[in-house]
Amino acid sequence: MRRSLGTLAAVASLAACGGADRPTVDVLAASSYTDVAESLEALIERELGVDVRFSFGSSGSFLEQLRQGAPASVVITADAATMERIESAGLVDPSSAIATNRLVIVTADTAAGRMIEALTDLASTDGIVVLCASSAPCGAASDELLRRAGLDVSPASREPNVRATLTKVLLGEADAALVYRTDALAHGGLRSIPADGEVVVTGRAAAAEGDARGAAIVALLAGPDAAEILRDAGFEAP
Amino acid sequence: MYALAAVPAILLGAPLLALLWRLPWTDLTDALTSEAATSALGLSLVTSVIATGLCVVFGLPLAWALAVGRGMPTRVVRAFCLLPIVLPPVVGGVALLLAFGRRGLVGQWFDGAGVQLPFTTAGVVLAQAFVALPFFVLSVEAALRQLDEEFAEVAQVHGASPFRAFTAVTLPSIGPAIAAGAVLAWARALGEFGATVTFAGSLQGRTQTLPLAVYDLLERDPADAVVLSALLVVIAVAVLVALRDRWFSIFRSAEP
Amino acid sequence: MSALVSVRFRRGPLELDHTVPAAQFVALVGPNGAGKTTLLRCLAGLEPDADVEWHGGRPATFGYLPQRVSLYPAMSLADNVASSLRFAGVHRRDIAARTAALLTIVDIGDVANRRPHEVSGGQRQRAGLARAIAAHPAVLLLDEPFSAIDVTTRAMVRNRVIDHIRDSGARCIMATHDDADLAASGAARVDID
């Protein structure tokens, strides 16, 4: 909400400037980057002198959107697999890793939620567990994490994206869920437990084919200034 | 004028044509017989039919009460009944969670009794009925309002009880409106996405209805998503075509 | 002649205060808007605010033909007639035969299976007459009962229906503009103005 208001304000100021000669650059970003986008936007605008317009969506939908000509100079996906599909479709220049994210267990303040202490508890709990859909990067990572741990979890739902997954716990409808560490951090009130297991999802950024301004933004996102912003939000260096 | 008329025609027609154009004809059977597709189709048919049944059974008395009711209380109740039409379905889903979720206003009593609605097939039916009910109520209430009261009066003078007059004379007179309302409600229930995914979640075989499966497949296997989308279109068109003749003839016969 | 029923009713400018004599046939005669239709509605029990006093006790059964006929739109003409028999509790076994006989009296056997909107106004009125007299009610309330029937058959239908009522012993109160209705039935005249 705050983000979209920010975007609105940006659009409004753009309109107010009228013929401002600062070019506007569109960035299509995975929704897990929603909370950090404002800081990244400020960094890019300061360093490169452009207006940046973020729009967020599910990584999985980007390939189709780009194929249909979505106007984006830069694409940021939540995981590497999604970026690989976009790259192999020849829609972007070679990508760079910008950050990694991990899964954590978040629990609701419910009887079953308070009982959960570790990943294994997700398989044995009587409570309601929700996971991201396998088609979403967080869901694919969740599947991989549980597979490696040899755990058989019966989720009550496979939510379409990580935000929806988190919401179910925030509302107390689910007792526990696997979400990105960054999402858990953005909602400080939630109890979160590290999920053991070395499953990391690597967020990658790529510029549209031959887009010089986009390439500069990707380089900036992969650099040390962006890394600091990302680290503050709970991402790790790739 | 024709040029202006073409704009909305293209707006409405182009997406449907594009869907057919992108249809992977050779993989049609594979896509339709995949486990995700068959379980979603089965679940959608069962839940939407039950939801429609609930709309008819409970919507009929509600439509009647709204049609005969007068004054402020009726207007307030009607406004509440129509809200789901203008409400974004996701908001409806959130509202359903706050009401029937396990911490919800009503839901906490259900939870105490061991009844769970979110993440269950019953939850899907509830979400569908929530968004579909206004379409049925609106259709039937309008018919009841336009209905000549004299039919029921004549029946009562001839010895029918008010209830018998309603069931034997009034109900058959608004049969077309009931049928149209039920079809509208069913179509709305079948296509329900936002309230379902918010309230009941998405799990194959339990709460993942056709629209939810389409959304999930779009990110995994867009070609299959196109096939399922086309299936929904075909069902919708089939309903319209099948009802067209009967519909119009019933409407004509309802004229006094 | 002794009184059958007295009615007092008031709504806006309309003020009714009438006594209907206890003749078998009574004709309510008067200009349009004088309240004939409203008086029949009062007698039928459809005006809750009316003060209606039946001197010999309220009759148990009524037959009613409203001015607009108001056949049940979803039913065929035959079903419209049969409905009165069903509401009156006539045994299912007898309904088909009695319905057929009634349709013959008003001479609409050939269009019996059509719905109201598929027949002429005169045919609708004849079906409405048959529906009103079907269950041998104690009192018949008929509003302009023969007005829409075409002139070539009107006299025939009128005579048959009046004969049927006379045989059944029912009391018949009808609103009419037509002197022939009075002549054929020998009705006692009540002026409404």
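Above this text you will find the structure in question.
Bear in mind the structure is a predicted one, so any value in this text is a computation, not a measurement.

Undergrad: What should I look at first to understand the environment of A81 of chain A in this one?
TA: Along the chain, the position of A81 of chain A falls in helix α4 (residues 80-88). Judged by its relative accessible area of 37%, A81 of chain A is partly exposed.

Undergrad: For this particular structure, what's the right way to read the sheet that holds strand β6 (residues 139-143) of chain C?
TA: Pairing between sheet strands relies on hydrogen bonds along the backbone, with the strands arranged either parallel or antiparallel. Residue and element names in this part refer to chain C. With respect to topology, 5 strands assemble into an open sheet ordered β5-β6-β7-β3-β8, the strand pairing being parallel. Edge positions in the sheet fall to β5 (62-65) and β8 (188-191), since each has one partner strand and no second. The mean angle between the axes of side-by-side strands here comes to 15°, regardless of whether they run parallel or antiparallel. Sheet analysis places strand β3 (residues 25-29) next to strand β7 (residues 171-175), joined by 4 bridges and oriented parallel. Directly across from L28, in β7, lies its bridge partner A175. Contacts from helix α5 (residues 151-168) reach β3, β6 and β7 within the one sheet, and its direction differs from that of β3 by about 130°.

Undergrad: Is there a simple way to think about the pairing of β5 of chain C in this case?
TA: Along any regular strand, the residues point their side chains to alternate faces of the sheet. Residues and elements named next belong to chain C. Neither face of β5 is open: one carries F62 and Y64, the other G63 and L65, and all of them are buried. Where β5 lies against β6, 4 bridges are found, and the strand directions are parallel. The residue of β6 that forms the bridge with L65 is L142.

Undergrad: Looking at this structure, how should I read the interface of chain C and chain B?
TA: Many structure descriptions define interface size as the accessible area lost when the parts assemble. Tallying the contact residues gives 22 residues for chain C and 19 residues for chain B. Interface of chain C and chain B: buried area, both sides summed, is about 1,900 Å²; carbon and sulfur atoms make up 60% of it. At the surface where chain C touches chain B, the tally comes to 3 salt bridges. A salt bridge links R41 of chain C to E153 of chain B; its shortest N-O distance comes to 2.7 Å. Where the side of chain C that touches chain B is concerned, the elements lending two or more residues are β5, α2 (77-87) and α4 (121-133) of chain C. For the side of chain C that touches chain B, a count of residues per class yields 13 nonpolar, 4 polar and 5 charged.

Undergrad: Explain the pattern of salt bridges here, please?
TA: Should their charged atoms come close, side chains of opposite charge can pair. Residue and element names in this part refer to chain A. Considering all chains together, one arrives at 32 salt bridges over all chains under this definition. For R102, the salt bridge goes to E236, with nearest N and O atoms at 2.7 Å. Residue R102 is located in strand β4 (residues 96-107), and its partner E236 is located in the segment after α11 (224-232); the two are separated by 134 residues in the primary sequence. By relative accessible area, which is 23% here, R102 ends up partly exposed. Residue R191 pairs with E117 through a salt bridge whose shortest N-O separation is 3.6 Å. Linking R191 in strand β8 (residues 191-194) with E117 in the loop between α5 (111-114) and α6 (119-124), this pair joins segments that are 74 residues apart in sequence. Since its relative accessible area comes to 32%, R191 is described here as partly exposed.

Undergrad: Is there a simple way to think about helix α4 (residues 71-86) of chain B in this case?
TA: Quick reminder: α-helices carry 3.6 residues per turn. Residues three or four places apart thus point the same way. Residue and element names in this part refer to chain B. A rise of 1.5 Å per residue sets the reference length of α4, with its 16 residues, at 22 Å; its end C-alpha atoms lie 23 Å apart and thus fit the reference within 8%. For α4, the principal kink sits at F80 and spans about 25°; a proline, P84, occurs within the next four residues. All of the buried residues along α4 are T74, R78, C81 and P84. Elements in contact with the buried residues of α4: α3 (35-68) and α7 (121-146).

About the cut-offs
- Residues numbered from 1 in each chain as written.
- Chains lettered and ligands numbered in written order.
- Predicted model: local features only at pLDDT ≥ 70, side-chain atom pairs only at ≥ 80, totals over all residues.
- Heavy atoms only, no water.
- Helix = DSSP H or I, 4+ residues; strand = E, 2+ residues; numbered from the N terminus.
- Buried < 20%, exposed > 50% of the residue type's maximum accessible area, 1.4 Å probe, protein only.
- Pairing = 2+ DSSP bridges.
- Axes fitted to C-alpha atoms, helices over the stretch in contact; angles between N-to-C directions.
- Contact = heavy atoms within 4.5 Å.
- Buried area = accessible area lost by both parts, 1.4 Å probe.
- Salt bridge = Lys/Arg side-chain N within 4 Å of Asp/Glu carboxyl O.
- Nonpolar A, V, L, I, M, F, W, Y, C, P; charged D, E, K, R; others polar.
- Expected span 1.5 Å × (residues − 1).
- Bend = angle between axes of the 7 residues up to and from the residue.

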